[in-house]
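# Structure assessment
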Amino acid sequence: MSENGNELMKIKYEAAVPFYYYKPTYKDCQTLKEQWIRAKYERKEFSEPWKNFTYEEGIKDGLLMKMGRDNGQFLSRRFVLSEREGTLKYFTKYDAKEPKAVIKVDTINATFQPKKIGNPNGLQITYLKDYSTRNIFVYHDNCKEIVDWFNTIRAVQLHYLKVAFPGSTDAELVHKLTRNFLKEGQMEKTGPKHTEGFKKRWFTLDQRRLMYFKDPLDAFAKGEVFLGNKSHGYSASPGLPAGTHCNGAWQHGITIVTPERGFLFTCESEADQQDWLKHFNNVMNAVMSPQEYTMEALFKHKH
């Protein structure tokens, strides 16, 4: 590298990185960064343009440690990802004929969550079930194996999208693959009447969905808030309405208004309050896609 410089090294070792392969940034976890480096320089996966990638074999079948929905224990489960069927299935027993769940790849998100899961290779898989977000928490002891699962999910998703949007290029579709959450953390929240006590909840902001959980590792959210565009009656502002009875320990309020109702939250610090508000307002200022209008309509119907 010292002889040839970064650019020449990049041309050699990143000659054929597939569009779907996730290139980690400084914000990503150690496992993703380490496997990217090993894939490039140790295994030389991307040096030969004609090389076949294991991520593109169309099927992946193997065992992952999955957290039980009710008891929090991790147990070995068989997962099968199929490009032809466009599904990810998991089975409670290796030789079981019927899967416990069949997940459509177009509804899947996967994001590494080592701190939350308590394992350096922890992966959170979310998908839509009856228009609600369902969380699955998995890990594998082998770093390469869990990153291979992650990138194979992305490869299958890209294949699915190319069929669904035949006129689009890979570069145009890659942003529709797995994504990291915009922000996660604790806030306090009161109920719909705004007279109930404030309770601590774990919040996840995923694109326009703000979900809240009793515990960060819950399978289902206790509730979800859709954040639409500001021009449609959505807003986020600092502080709480006058007269709000704030019994919680945290004093830095946020008021979110939607066409249906208002939501009141409190943050532990002003810095956290400002960071949440920045993300809320970025989302509300963004132009909505046709898919997001559909999601908004489903939210209104559901709630």
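Residues numbered from 1 in each chain as written. Predicted model: local features only at pLDDT ≥ 70, side-chain atom pairs only at ≥ 80, totals over all residues. Heavy atoms only, no water.

## Structural notes on the sheet that holds strand β14 (residues 262-267)
Spatially, the seven strands line up as an open sheet ordered β11-β10-β9-β8-β14-β13-β12, and their pairing is antiparallel. Each of the sheet's edge strands pairs with one partner strand only, and the pair in question is β11 (223-226) and β12 (235-238). Between one strand axis and the next, the sheet turns through 35° on average, direction left out of account. Bridge analysis of strand β10 (residues 209-213) against β11 gives four bridges, and the strand direction is antiparallel. Along β11, the bridge assignment pairs L210 with V225. Lying on the sheet, helix α6 (residues 270-285) is in contact with β8 (183-189), β9 (199-206), β10, β12, β13 (252-257) and β14; it crosses β8 at an angle near 110°. (Pairing = 2+ DSSP bridges. Helix = DSSP H or I, 4+ residues; strand = E, 2+ residues; numbered from the N terminus. Axes fitted to C-alpha atoms, helices over the stretch in contact; angles between N-to-C directions. Contact = heavy atoms within 4.5 Å.)

## Considering the domain arrangement of the protein
Under the domain assignment used here, the protein contains domain 1 (1-179) and domain 2 (183-301). Once you take the C-alpha centre of each, domain 1 and domain 2 turn out to be 29 Å apart. Taken together, the contact pairs 17 residues of domain 1 with 16 residues of domain 2. In total, domain 1 and domain 2 occlude about 1,400 Å² of area from one another, counting both sides; carbon and sulfur atoms represent 52% of this. The largest per-residue losses of area from domain 1 upon contact with domain 2 belong to K116, T133 and R179, which jointly make up 39% of the total buried on that side. Counting the contacts that link domain 1 with domain 2 gives two salt bridges. Note that E184 is salt-bridged to K116, the shortest N-O span being 2.7 Å. For the side of domain 1 that touches domain 2, the secondary-structure elements that each account for two or more residues are α3 (114-117), β6 (123-129) and β7 (132-139). (Domains from an automatic or database assignment. Buried area = accessible area lost by both parts, 1.4 Å probe. Salt bridge = Lys/Arg side-chain N within 4 Å of Asp/Glu carboxyl O.)

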